[in-house]
Amino acid sequence: MTISRADLAAGIRFAGQRAAAAASYTKDWDHQLGHQWTSGAAFRHVAATAGGAAGIYGALDSGMLSGIGVPQIAQMNDKAISEMAGKSRDEVIKAIVDGHEASAAFVETLAEDDLAKVVTLGGYEMPKAEIMAQIWIHHAIAHAYEASARWPIQ
């Protein structure tokens, strides 16, 4: 049931395209979400993390990522969002697409047997391919949905 390398790469590209589309159709990037971020901050977060697959993948075997807590992740996220604050909407959208393309291209270089290796990351114990799918597919789509959804529809 583990996602294949080809499906993972295709899914990463798909997630990037969907997040970029959501960003392009979201009119109010200053819309306050249900927490501290605005829509724009959520899209900047997606853009900032989009191209990071190679950096994270290499650390999955070490277990060092499990030592990073929520406060540290929040601090890293805030820093990355701040660094993108001066970017235009078009630059953020391009970073989402280009970053996801870079991450998908990286995944295409990986061995299927290594992607199938089960590792523990925080509360996850699953194949590396599934962790990568969580981060580069589900994560991007979840933030894009959160940033673009305007409920209730009137």
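Let us look at the structure shown here. (Residues numbered from 1 in each chain as written. Predicted model: local features only at pLDDT ≥ 70, side-chain atom pairs only at ≥ 80, totals over all residues. Heavy atoms only, no water.)

Brief notes about the overall build of the protein chain
Secondary structure assignment for the protein chain yields seven helices and two strands. Computed over C-alpha atoms, the radius of gyration of the protein chain comes to 16 Å, within 12% of the 15 Å expected from 2.2 N^0.38 for 154 residues, which places it in the range of a compact globule. By its C-alpha atoms, the protein chain is 45 × 30 × 30 Å across when sized along the principal axes. Of all 154 residues assigned to the protein chain, the portion counted as buried reaches 40%. Contacts in the protein chain between residues at least 24 apart in sequence constitute 77% of all its contacts with a sequence separation of at least 6. For the protein chain, the accessible area works out to roughly 8400 Å², and carbon and sulfur atoms hold 58% of it. (Helix = DSSP H or I, 4+ residues; strand = E, 2+ residues; numbered from the N terminus. Rg over C-alpha atoms; globule rule 2.2 N^0.38 Å. Buried < 20%, exposed > 50% of the residue type's maximum accessible area, 1.4 Å probe, protein only. Contact = heavy atoms within 4.5 Å. Areas by Shrake-Rupley, 256 points an atom, 1.4 Å probe, with all protein chains shown as cover.)

Re the packing of aromatic side chains
Tallying each qualifying case throughout the model produces two aromatic pairs. With a centroid separation of 5.9 Å and 70° between ring planes, the pair formed by Tyr57 and Phe106 is classed as edge-to-face. With Tyr57 in helix H3 (residues 53–57) and Phe106 in helix H5 (residues 89–107), this residue pair connects regions lying 49 residues apart in the sequence. On the accessibility criterion, Tyr57 (5% relative accessible area) is buried. (Phe/Tyr/Trp six-rings, centres within 6.5 Å; stacked < 30°, edge-to-face > 60°.)

With respect to the packing of helix H2 (residues 39–49) against helix H4 (residues 70–83)
A packed helix pair is summarised by two numbers, namely the angle formed by the two axes and the spacing between the axes. The interhelical angle for the contact between H2 and H4, taken along N-to-C directions, is 100°, at an axis separation of 9 Å. Classed by the angle they form, the pair H2 and H4 counts as roughly perpendicular. Contact residues: H2 offers Ala41, Arg44, His45 and Ala48, while H4 offers Asn77, Ala80 and Ile81. In the contact of H2 with H4, the residues fall into four nonpolar, two polar and one charged. (Axes fitted to C-alpha atoms, helices over the stretch in contact; angles between N-to-C directions. Parallel < 35°, antiparallel > 145°, perpendicular 65-115°, else oblique. Nonpolar A, V, L, I, M, F, W, Y, C, P; charged D, E, K, R; others polar.)

Here we look at the nonpolar core
Core analysis: the largest hydrophobic core is formed by 41 residues, its most contacted members being Leu8, Phe43, Ile96 and Met132. Listed by contribution, the elements that provide at least two residues to this core are helix H1 (5–25), H2, H3, H5, strand E1 (118–121) and helix H7 (128–148). The element contributing the most residues to this core is H7, with nine residues. Those residues in contact with Leu8 that sit more than four places away from it in its chain are Ile3, Val107, Leu115, Ala129, Met132, Ala133 and Ile137. (Core = buried A, V, L, I, M, F, W, Y, C linked by side-chain atoms within 4.5 Å.)

Considerations on the pattern of salt bridges
If you walk through the whole model with that rule in mind, you get seven salt bridges. Across the salt bridge formed by Arg13 and Glu101, the nearest N and O atoms sit 2.7 Å from each other. One end of the pair, Arg13, is in helix H1; the other, Glu101, is in helix H5, and 88 residues separate them in sequence. Measuring nitrogen to oxygen at the nearest pair gives 2.4 Å for the salt bridge that ties Lys94 to Asp98. (Salt bridge = Lys/Arg side-chain N within 4 Å of Asp/Glu carboxyl O.)

Thoughts on the pairing of strand E2 (residues 124–127)
As judged from the four bridges shared by E1 and E2, these two strands associate in the antiparallel manner. Each bridged residue has a counterpart across the sheet, and for Leu121 the counterpart in E2 is Tyr124. Once E1 ends, the chain turns through two residues before running back antiparallel as E2, passing Gly122 with a positive phi of about 60°. (Pairing = 2+ DSSP bridges.)

Here's the deal with the layout of surface pockets
Volume-wise, the largest pocket comes out at about 1000 Å³. As for the largest pocket, its lining consists of 30 residues, of which His45, Ile56, Ile73, Met76 and Asn77 are closest to the centre. Looking at the lining of the largest pocket, the elements with two or more residues in it are H2, H4 and H7. Considering each element in turn, the lining of the largest pocket owes the most residues, nine residues, to H4. (1 Å grid on protein atoms, 1.4 Å probe; cavity = no way out; pocket = protein on both sides within 12 Å on 5 of 7 lines; lining within 4 Å. Points joined across faces, edges and corners; volume = space filled by probe spheres on them.)

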